[in-house]
Amino acid sequence: MKSEKFGEEIKMKKKENMIALAVFCLVSILMIVLSVCVIKISVVAACLLVIIEVGIAALLHNAEIWIHGVFVIAEIIAGALLNNILLVVFCIVVYAATLFTLKYLYSGEKING
């Protein structure tokens, strides 16, 4: 009986993880489409920005919260200097979605040592 319950918990966690990843993918695709349609940047540039934001968030997802704040402030300043705040807002949304997804996916794991 315990093994059946444990198996059901694993299946439920896998479904929840798939939903989290699907939401993350939708946010990323929406950012690319909005960047191309609204801001009029190329698809390659929008995809590259998503890859950069996801990479930075993956590297910093275990960092302290103030580091994320400094990064977001730096992005806002760069966007203000380049007069492209909307693009920075899209990038921050992808960054936040990546952080939330990674925190959710790793929330149940325990680190040994």
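Residues numbered from 1 in each chain as written. Predicted model: local features only at pLDDT ≥ 70, side-chain atom pairs only at ≥ 80, totals over all residues. Heavy atoms only, no water.

> Help me understand the overall build of the protein chain in this model?
A tally of regular secondary structure across the protein chain gives four helices and zero strands. A burial count over the protein chain gives 27% of its 113 residues as buried. Taking the intrachain contacts of the protein chain between residues at least 6 apart in sequence as the baseline, contacts between residues at least 24 apart amount to 64%. As displayed, the protein chain has an accessible area near 8100 Å², and 75% of this comes from carbon and sulfur atoms. (Helix = DSSP H or I, 4+ residues; strand = E, 2+ residues; numbered from the N terminus. Buried < 20%, exposed > 50% of the residue type's maximum accessible area, 1.4 Å probe, protein only. Contact = heavy atoms within 4.5 Å. Areas by Shrake-Rupley, 256 points an atom, 1.4 Å probe, with all protein chains shown as cover.)

> Explain helix α4 (residues 85-105) here, please?
Every α-helix winds through 3.6 residues per turn, so residues three or four apart in the chain are directed the same way. The end-to-end C-alpha separation of α4 is 30 Å, in line with the 30 Å expected for 21 residues at 1.5 Å each. Every buried residue belonging to α4 is among L87, V88, F90, C91, I92, V94, Y95, A97, T98, L99, T101 and L102, and all of these are buried. (Expected span 1.5 Å × (residues − 1).)

> What exactly am I supposed to notice about unusual backbone geometry here?
Peptide bonds are, in most cases, trans, and in most cases residues other than glycine have a negative phi. Positive phi, close to 65°, is recorded for K40, a residue that is not glycine. Along the chain, K40 turns up in the loop between α1 (2-39) and α2 (43-60). With a phi close to 55°, N83 is a non-glycine residue in the positive phi region. We classify N83 as exposed; its relative accessible area is 69%.

> Got a minute to help me understand the packing of α2 against helix α3 (residues 65-81) in this structure?
Helices that pack against each other are described as a pair by the angle of their axes relative to one another and the distance between those axes. As a packed pair, α2 and α3 sit with axes 11 Å apart at the nearest point and diverge in direction by 160°. Our classification of the angle between α2 and α3 gives roughly antiparallel. Between α2 and α3 lies a crossing whose hand is right-handed. Counted together, E53, I56 and L60 of α2 and I67, H68, F71 and E75 of α3 form the full contact between these two elements. Tallied by class, the residues present in the contact of α2 with α3 amount to four nonpolar, one polar and two charged. (Axes fitted to C-alpha atoms, helices over the stretch in contact; angles between N-to-C directions. Parallel < 35°, antiparallel > 145°, perpendicular 65-115°, else oblique. Left-handed = near helix turned anticlockwise from the far one by under 90°. Nonpolar A, V, L, I, M, F, W, Y, C, P; charged D, E, K, R; others polar.)

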